[in-house]
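# Structural features, examined
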Amino acid sequence: MEEYAREPCPWRIVDDCGGAFTMGAIGGGIFQAIKGFRNSPVGVNHRLRGSLTAIKTRAPQLGGSFAVWGGLFSMIDCSMVRMRGKEDPWNSITSGALTGAILAARNGPVAMVGSAAMGGILLALIEGAGILLTRFASTQFANGPQFSDDPSQLPPAPSPSPFGDYRQYQ
Amino acid sequence: MLPASLARAGQRGEWVRAALGRRLLAPHGWALLQTGPGPGPCCRLGLRWRHQIHCKEPALLLQAARRSIRTQAGGLRAEKPSGDTSKHVSMQRAEKGEAVLSAAQRVKDAGRDFTYFIVVLVGIGVTGGLFYVIFKELFSSSSPSKIYGDALEKCRSHPEIIGVFGESIKGYGEATRRGRRQLVSHIEYVKDGLKHMRLKFYIEGSESGKRGTVHVEVKENPERGGFEVRYIFVDVDTYPRRTIIIEDNR
């Protein structure tokens, strides 16, 4: 059905980095626009200019730190995929915790542990949300067509179960 | 300035009255009262307070002087909202909040607290639900990702799979738009009162360009609980197509 054109892994790092930067920049832009608007002197002109200044100074910073997080996370995730040879939710939870730990490394071991716990919990929540989403999507799909209760169309003969019965189509 | 202070003085009529009593005893108040009877000061005061029109009658003089004092006191108080006056005001407000406005205010506070409580409760519920889902997925032996892991181990140790795909088999599930492939597509159904689950995931090895689709079906074991494998087979998706049966317990 779908074509897996290429291995996602090394390229996903760039992808995640850019996506995280965009997310941080847009979210930070909205946040800083409101904050700058409220913290400026009275007058629409001042307020607009204040919010623009706040966006210009702060939003790229936030985007940058998001990008660092996303890039490091994705790098660790890809390394774990490579090492374990398996893609499952453990990868992203572990790499979230590791990312948190590495980025807090200059604040000492206690901060590292706390940050790692935060990262792991956050990624676990995100994974849980993803699992829930796919489950809802698939339950809607599963109730529709009652699929055949025969095992599967191609391979095994029904009852005798001959091992090694593989056919080679030229 | 003065009407505003008057209005405020009117609002805080109680303490103005209380302050007036003290003011009247104070030397300044006495001086004002004493200068009151003359037409000049009265008219000056009347000019300052524009609403006061009758300052000619001597019987009203005292009253007028008193009123002017009151307004002056109110104005002074309003102009200097520092020191003990602010304490007075805040104290009175606190008193009011407890005593006078209590019915409406209490309902409002209770409503707000209840809303916050509901919001917090919903947040805790959502977080707990997500944690439940992820922990069940990660640790339960009947979760799709656990079955996927076991089936992948069986694939890895099967000699025919290694022969076709090469060493270092890796498995992954359905790819999402963001390049995450860690969720395995699965379907659960009930047949003959027993829960069944079918999974599908993909494997690749060191042989480049070879990809296989692994089909797994597990069946609930009523005696021991948990799932046991019904069959595992691998379809080789690339050109020399074939099917490798790894396990068939039907």
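Quick caveat: nothing in here was measured; it's all calculated off a predicted structure. (Residues numbered from 1 in each chain as written. Chains lettered and ligands numbered in written order. Predicted model: local features only at pLDDT ≥ 70, side-chain atom pairs only at ≥ 80, totals over all residues. Heavy atoms only, no water.)

Assigned secondary structure in chain A consists of four helices and zero strands. The N-to-C order of helical and strand elements in chain A reads α-α-α-α. Classification of the 170 residues of chain A by burial places 31% in the buried group. (Helix = DSSP H or I, 4+ residues; strand = E, 2+ residues; numbered from the N terminus. Buried < 20%, exposed > 50% of the residue type's maximum accessible area, 1.4 Å probe, protein only.)

Residue and element names in this part refer to chain B. On the surface, Phe-114, Phe-117, Ile-118, Leu-121, Val-122 and Val-126 cluster together to form a nonpolar patch covering roughly 580 Å² of accessible area. Note on placement: Val-122 falls in helix H7 (residues 102-139). On the accessibility criterion, Val-122 (48% relative accessible area) is partly exposed. (Patch = residues over 30% accessible without salt bridge, like charges linked within 9 Å, V, L, I, M, F, W, Y side chains within 5 Å. Areas by Shrake-Rupley, 256 points an atom, 1.4 Å probe, with all protein chains shown as cover. Salt bridge = Lys/Arg side-chain N within 4 Å of Asp/Glu carboxyl O.)

Here we take up the nonpolar core. Core analysis: the largest hydrophobic core is formed by 23 residues, its most contacted members being B:Ile161, B:Phe165, B:Phe201, B:Ile203, B:Val214, B:Val216 and B:Val234. Mapped onto this core, the elements with two or more residues apiece are helix H8 (144-156), helix H9 (159-165), strand S3 (194-204), strand S4 (211-220), strand S5 (227-236) and strand S6 (243-248) of chain B. For this core, the leading source of residues is H8(B), giving five residues. Counting seven residues, the second-largest nonpolar core is a separate cluster that includes A:Ala124, A:Ile131, B:Val133 and B:Ile134. (Core = buried A, V, L, I, M, F, W, Y, C linked by side-chain atoms within 4.5 Å.)

Let us now look at the UniProt feature "transmembrane region" (unreviewed entry) in chain B. If you check UniProt for "transmembrane region" (unreviewed entry), the listed places come out as residues 114-135 of chain B in our numbering. Across residues 114-135 of chain B, helical content stands at 100% and strand content at 0%; the span's end C-alpha atoms are separated by 31 Å. (UniProt positions renumbered as here; feature names shortened; annotations may be inferred.)

We now examine the environment of A:Gly71. All names here are of chain A. Among the structural elements, Gly-71 can be located in helix H2 (residues 44-84). For Gly-71, a relative accessible area of 4% translates into the label buried. Separated by 54 residues in sequence, Gly-71 and Cys-17 place their C-alpha atoms 4.5 Å apart. Setting aside anything within four residues of it in sequence, one finds Gly-71 in contact with Ile-13 and Cys-17. (Contact = heavy atoms within 4.5 Å.)

This next bit is on the side chain of A:Ser40. Residues and elements named next belong to chain A. Examined against the element boundaries, Ser-40 turns out to sit in the loop between helix H1 (9-39) and H2. For Ser-40, a relative accessible area of 12% puts it in the buried group. Among the polar contacts listed, one links the side chain of Ser-40 to the backbone oxygen of Gly-36, at a separation of 2.6 Å. (Polar contact = N/O pair within 3.5 Å; in protein donor to acceptor, adjacent residues only side chain to side chain.)

Averaged over every residue, the pLDDT of chain A is 81; the share at 70 or more is 77%. Across chain A, element-level confidence peaks in helix H3 (residues 89-103) of chain A with a mean pLDDT of 93 and bottoms out in helix H4 (residues 109-143) of chain A with 84. (pLDDT = per-residue confidence, 0-100.)

For the rest of this paragraph, the subject is the packing of aromatic side chains. Counting across every chain of the model gives seven aromatic pairs over all chains. Seen in terms of ring centroids, A:Trp90 and B:Phe139 are 5.4 Å apart; in terms of plane orientation they differ by 70°. Their pairing is edge-to-face. Of the two residues, A:Trp90 sits in helix H3 while B:Phe139 sits in helix H7, which places them in two different chains. Taken together, the ring pairs connect A:Trp90, B:Phe131, B:Phe135 and B:Phe139 into an aromatic cluster. The ring of A:Phe37 has A:Arg47 sitting right over it, with the charged end atom 5.7 Å from the ring centre. The lysine or arginine in question, B:Arg181, covers the ring of B:Tyr172, its NZ or CZ lying 3.6 Å from the ring centre. (Phe/Tyr/Trp six-rings, centres within 6.5 Å; stacked < 30°, edge-to-face > 60°. Lys NZ or Arg CZ within 6 Å of the ring centre and 35° of its normal.)

So, about the side chain of A:Glu87. For A:Glu87, the location among the structural elements is in the loop between H2 and H3. Engagement of the side chain of A:Glu87 in a polar contact is seen with the side chain of B:Arg181, the distance being 2.9 Å.

Take the packing of H1(A) against H2(A) next. Residues and elements named next belong to chain A. Here H1 crosses H2 at 155°, and the two axes come no closer than 5 Å. Here H1 lies roughly antiparallel to H2, going by the angle between them. Between H1 and H2 the crossing geometry is right-handed. (Axes fitted to C-alpha atoms, helices over the stretch in contact; angles between N-to-C directions. Parallel < 35°, antiparallel > 145°, perpendicular 65-115°, else oblique. Left-handed = near helix turned anticlockwise from the far one by under 90°.)

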